[in-house]
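# Coordinates in review
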Amino acid sequence: MSYFVPMNVPIAIGLSLSTPTVVNVAFWQFMNQSYNFGVNFANGNKSNQVSNQELAMKFLIAVTSSITIGLTAKHLISKSRYRDNYIFQRFSPFLGVSGANVVNLLTARYSDTVHGITVKDSKTGEIIPDAKSPIAGKKAFWQTALSRVLIPLPVSFVPPIMITLATKGGFLPKSAIGSHMFNIGVSTATLMGALPLALACFP
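To start, this report covers the structure provided alongside it.

How each quantity is defined
Residues numbered from 1 in each chain as written. Predicted model: local features only at pLDDT ≥ 70, side-chain atom pairs only at ≥ 80, totals over all residues. Heavy atoms only, no water. Patch = residues over 30% accessible without salt bridge, like charges linked within 9 Å, V, L, I, M, F, W, Y side chains within 5 Å. Areas by Shrake-Rupley, 256 points an atom, 1.4 Å probe, with all protein chains shown as cover. Salt bridge = Lys/Arg side-chain N within 4 Å of Asp/Glu carboxyl O. Helix = DSSP H or I, 4+ residues; strand = E, 2+ residues; numbered from the N terminus. Buried < 20%, exposed > 50% of the residue type's maximum accessible area, 1.4 Å probe, protein only. Axes fitted to C-alpha atoms, helices over the stretch in contact; angles between N-to-C directions. Left-handed = near helix turned anticlockwise from the far one by under 90°. Contact = heavy atoms within 4.5 Å. Nonpolar A, V, L, I, M, F, W, Y, C, P; charged D, E, K, R; others polar. Polar contact = N/O pair within 3.5 Å; in protein donor to acceptor, adjacent residues only side chain to side chain. Core = buried A, V, L, I, M, F, W, Y, C linked by side-chain atoms within 4.5 Å.

So, about a nonpolar patch on the surface. A surface patch of nonpolar side chains, amounting to about 310 Å² of accessible area, comprises Val 158, Ile 161, Met 162 and Leu 165. Topologically, Val 158 is positioned in helix α7 (residues 152-169). For Val 158, a relative accessible area of 33% puts it in the partly exposed group.

What follows is the structure, encoded as structure tokens:
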């Protein structure tokens, strides 16, 4: 997770600030979920072995679902009477990202919820040999899933709101470079706050 902010800055900018066209949604969802799948797999409990074939299938499901959810959300929003509202349009990337994050996590750690994960003795802190707990696996999944929904919440809404306020207030730099730097700064600050807040929900 130490690389979360520098990796997610360009992804967050693309998801929250780019025009939500079919190509943009599909591209940024692919980039986001490819990275998320790697994080979910690398940070898993590793109590259950996964073959390369299973890993490839899980990756395909995660990325396909993210694009499908993102495009479906975009389509539904385009049919809404609030479709021309700038802030409301940002529900598309949030719904796509949060929904796909949960599916991504489930595909990466499904075996943990079924077969369980290793647990430690509450007194000694030592791993109990040959003991796996499906209950612990499910608990770990749902706690992580909720954090994956909480992380993109401020990232999807804070930058667009700040940019709208800056534009109306005349604070947004006029030059293209200045505007981009403002966008990057807001997105970076939001990401730096979103991650610890989401993780702090489950100390």
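To continue, consider the packing of α7 against helix α8 (residues 176-199). Relative to each other, α7 and α8 sit at 145°, their axes nearing to 9 Å. For the pair α7 and α8, the crossing hand works out as right-handed. For the pair formed by α7 and α8, the contact residues are Pro 154, Val 155, Val 158, Pro 159, Met 162, Ile 163 and Ala 166 on the first element and Phe 182, Asn 183, Val 186, Ser 187, Thr 190, Leu 191 and Ala 194 on the second. Classifying every residue of the contact of α7 with α8 by side-chain character gives eleven nonpolar, three polar and no charged.

Turning next to the side chain of Asn 104. Here Asn 104 lies in helix α5 (residues 91-115). For Asn 104, a relative accessible area of 0% gives the class buried. Engagement of the side chain of Asn 104 in a polar contact is seen with the side chain of Asn 40, the distance being 3.1 Å. Sequence-distant contacts of Asn 104, defined by excluding residues within four places in its chain, comprise Gln 33, Asn 36, Phe 37, Asn 40 and Ala 62.

The biggest cluster of nonpolar side chains holds twelve residues, and these are Phe 4, Val 9, Ile 11, Ala 12, Tyr 35, Val 39, Ile 151, Val 155, Leu 191, Ala 194, Leu 195 and Ala 198. Looking at this core, the elements with two or more residues in it are α1 (4-17), α2 (22-42) and α8. Beyond its immediate stretch of four places on either side in the chain, Ala 198 contacts Ser 147, Leu 150 and Ile 151.

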